[in-house]
Amino acid sequence: MQLFLDTANLDEITEIAAWGVLDGITTNPSLVSKEKRDFKKLVKDICKIVSGPVSAEVVSEDVEGMLREGRDIATWAENVVVKCPLTPNGLAATSKLSKDGIKVNVTLCFSVNQALLAARAGAYFISPFVGRLDDINEDGCALVEQIAEMYHIQSIETRVLAASVRTPPHVHRVALAGADCATMPYKVFKQLVHHPLTDQGMEKFLADWKQAQAAVAP
Ligand code: E4P
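Not measured: the values here are computed from a predicted model. (Residues numbered from 1 in each chain as written. Predicted model: local features only at pLDDT ≥ 70, side-chain atom pairs only at ≥ 80, totals over all residues. Heavy atoms only, no water.)

Caption draft 1: Geometry of the pattern of salt bridges. Going through the model one piece at a time under the given rule, you end up with 8 salt bridges. In this structure, the salt-bridge partner of Lys 83 is Glu 57, at a minimum N-O distance of 3.8 Å. Note that Lys 83 is positioned in strand 4 (residues 80-85) and Glu 57 in strand 3 (residues 54-57), a separation of 26 residues in sequence. According to the relative accessible area criterion, Lys 83 is buried, its value standing at 4%. Through salt bridges with shared partners, one network takes in Arg 37, Asp 45 and Lys 48. (Salt bridge = Lys/Arg side-chain N within 4 Å of Asp/Glu carboxyl O. Helix = DSSP H or I, 4+ residues; strand = E, 2+ residues; numbered from the N terminus. Buried < 20%, exposed > 50% of the residue type's maximum accessible area, 1.4 Å probe, protein only.)

Given below as structure tokens:
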């Protein structure tokens, strides 16, 4: 499963990219708004740091507006992916953009049937929102599993990008559920690497090493 960061913050992206395990970036209008920068320049800067897919979302609600924005966004960088919402107009735009060869990430997916519709429209990624389903007392990871299974049974190539991932257990659950990618905030990405026993182990190894070196020093 590929690991994506869900952020538009360049410092966060630069730090995690240095680990060599960052496969892509997702942004949304809320995350971009936090950065208080020109959208196009920001996305171009992100695409310079990360060579994998970088999702940038349209904000129009009508098909013509989504197409205008999507076609423009697609020219910003080789690795940019246009994000369209899972609405009737979003599906219509996805269908047209994907026929033009533009990769589309269909976002705000909350059911298997919505995922089927997105795939039929030609989506490159489908983004089921795990945390937001958990917020309303449903099981977001179970939805990811069902979509992955349905796509497998139906030989659908649309990639399952588990989104709204909020905790490390979400990450391992969606990996076991068959997601192709998971996108998570910086805080969750950092949590993945840390374990108290790793820290304690490092401390002990280094202390033993220093002690031994002091004993053999000429
Ligand atoms: C996905 O692409 C979205 O940007 C994101 O994962 C939403 O997460 P949230 O529900 O924590 O806001």
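Having seen it, we continue.
Caption draft 2: Quick look at the site of the ligand. What surrounds the ligand is the set Asp 6, Thr 26, Asn 28, Lys 83, Phe 129, Arg 132, Ala 163, Ser 164 and Arg 166. Arg 132 has a polar side-chain atom sitting 2.6 Å from an oxygen atom of the ligand. Here the ligand, which alone exposes 350 Å², has 87% of that area covered by the protein. Split into classes, the residues belonging to the shell around the ligand amount to 2 nonpolar, 3 polar and 4 charged. (Near = heavy atom within 4 Å. Polar contact = N/O pair within 3.5 Å; in protein donor to acceptor, adjacent residues only side chain to side chain. Areas by Shrake-Rupley, 256 points an atom, 1.4 Å probe, with all protein chains shown as cover. Nonpolar A, V, L, I, M, F, W, Y, C, P; charged D, E, K, R; others polar.)

Caption draft 3: Inspection of the packing of helix 1 (residues 10-17) against helix 10 (residues 186-193) at higher detail. Running from amino to carboxyl end, helix 1 crosses helix 10 at an angle of 20°, the nearest separation of the two axes being 11 Å. Here helix 1 is positioned roughly parallel relative to helix 10, judged by the angle of their axes. Judged by the twist between their axes, the crossing of helix 1 over helix 10 is left-handed. Touching Glu 12, Glu 15 and Ile 16 of helix 1 are Tyr 186, Phe 189 and Lys 190, all from helix 10. Looking at side-chain class alone, the contact of helix 1 with helix 10 contains 3 nonpolar, no polar and 3 charged residues. (Axes fitted to C-alpha atoms, helices over the stretch in contact; angles between N-to-C directions. Parallel < 35°, antiparallel > 145°, perpendicular 65-115°, else oblique. Left-handed = near helix turned anticlockwise from the far one by under 90°. Contact = heavy atoms within 4.5 Å.)

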